[in-house]
Amino acid sequence: MNNSNGQKLAGKVAIVTGGSRGIGAAITKRLAADGASVAFTYAKGADAAASVVKEIEGRGGKAIAIQADAADADAVKAAVEKAVATFIRRDAGGAETHARRWSHHFDRICRR
């Protein structure tokens, strides 16, 4: 099912860890091309991350790069919270609801 302009991910938000290089960058760009707003993390290489954001935005997409070590649970949780705050609409408490839901799932997964 496609949403607006034939983009099947229009209106969706995606989060990619390690999205500034290699396969992660390719996935990030594809999600954006399919209409998703994309937040991606990178551990180092701010220039590469900025290049991915610039490319996505140059094609009309939305993306943010967040420096975070994927091995650090607190850093990943903060990255998810930043993505939610950036891309989720803030009407009627929606952002807070989504942030709590993400936080709950993240905490449950990390306790395993």
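On a predicted model such as this, the values are computed, not experimentally measured, just so you know.

With that out of the way, let us pick up the overall build of the protein. When you go through the protein residue by residue, the secondary structure sums to four helices and three strands. From first element to last, N terminus to C terminus, the protein shows the α and β order β-α-β-α-β-α-α. Within the protein, buried positions represent 34% of all 112 residues. For the protein, the proportion of contacts with a sequence separation of at least 24, taken over those separated by at least 6, is 51%. Carbon together with sulfur atoms contributes 51% to the accessible area of the protein, which is approximately 7100 Å² in total.

Membership of the largest hydrophobic core comes to 13 residues, with the highest contact counts inside it found for Val 38, Phe 40, Val 52 and Ile 56. For Val 52, the residues in contact, after removing those within four places along its chain, are Gly 19, Ser 20, Ala 25, Thr 28, Lys 29 and Phe 40. In this structure, Ile 64, Ile 66, Ala 75 and Ala 79 belong to the second largest nonpolar core, which totals eight residues.

Attention shifts here to the environment of Val 76. Here Val 76 lies in helix 3 (residues 73–87). On the accessibility criterion, Val 76 (13% relative accessible area) is buried. On a C-alpha basis, the gap between Val 76 and Thr 41 in space is 8.2 Å, while along the polypeptide they are 35 residues apart.

Our next topic: the pattern of salt bridges. Evaluated as defined, the whole model comprises three salt bridges. We note a salt bridge from Arg 30 to Asp 34, for which the minimum N-O separation is 3.1 Å. Overlapping salt bridges bring together Lys 29, Glu 55 and Arg 59 as one network.

Attention now goes to helix 3. Taking 1.5 Å per residue, 15 residues should reach 21 Å; helix 3 reaches 21 Å between its end C-alpha atoms and fits that length. The complete set of buried residues in helix 3 reads Ala 75, Val 76, Ala 79, Val 80, Ala 83, Val 84 and Phe 87. Near the N-terminus of helix 3, the side chain that reaches the backbone nitrogen of Asp 74, with its oxygen 3.0 Å away, is that of Asp 72.

As a further point, take the packing of helix 1 (residues 22–33) against helix 2 (residues 46–58). Where helix 1 contacts helix 2, the two axes come as close as 10 Å, and the packing angle between them is 20°. The orientation of helix 1 relative to helix 2 falls into the category roughly parallel. Crossing hand, helix 1 versus helix 2: right-handed. Here Ala 25, Thr 28, Lys 29 and Ala 32 of helix 1 come into contact with helix 2, specifically with Val 52, Glu 55 and Ile 56.

Calculation notes
- Residues numbered from 1 in each chain as written.
- Predicted model: local features only at pLDDT ≥ 70, side-chain atom pairs only at ≥ 80, totals over all residues.
- Heavy atoms only, no water.
- Helix = DSSP H or I, 4+ residues; strand = E, 2+ residues; numbered from the N terminus.
- Buried < 20%, exposed > 50% of the residue type's maximum accessible area, 1.4 Å probe, protein only.
- Contact = heavy atoms within 4.5 Å.
- Areas by Shrake-Rupley, 256 points an atom, 1.4 Å probe, with all protein chains shown as cover.
- Core = buried A, V, L, I, M, F, W, Y, C linked by side-chain atoms within 4.5 Å.
- Salt bridge = Lys/Arg side-chain N within 4 Å of Asp/Glu carboxyl O.
- Expected span 1.5 Å × (residues − 1).
- Polar contact = N/O pair within 3.5 Å; in protein donor to acceptor, adjacent residues only side chain to side chain.
- Axes fitted to C-alpha atoms, helices over the stretch in contact; angles between N-to-C directions.
- Parallel < 35°, antiparallel > 145°, perpendicular 65-115°, else oblique.
- Left-handed = near helix turned anticlockwise from the far one by under 90°.

Any link to function would need more than the numbers given here.
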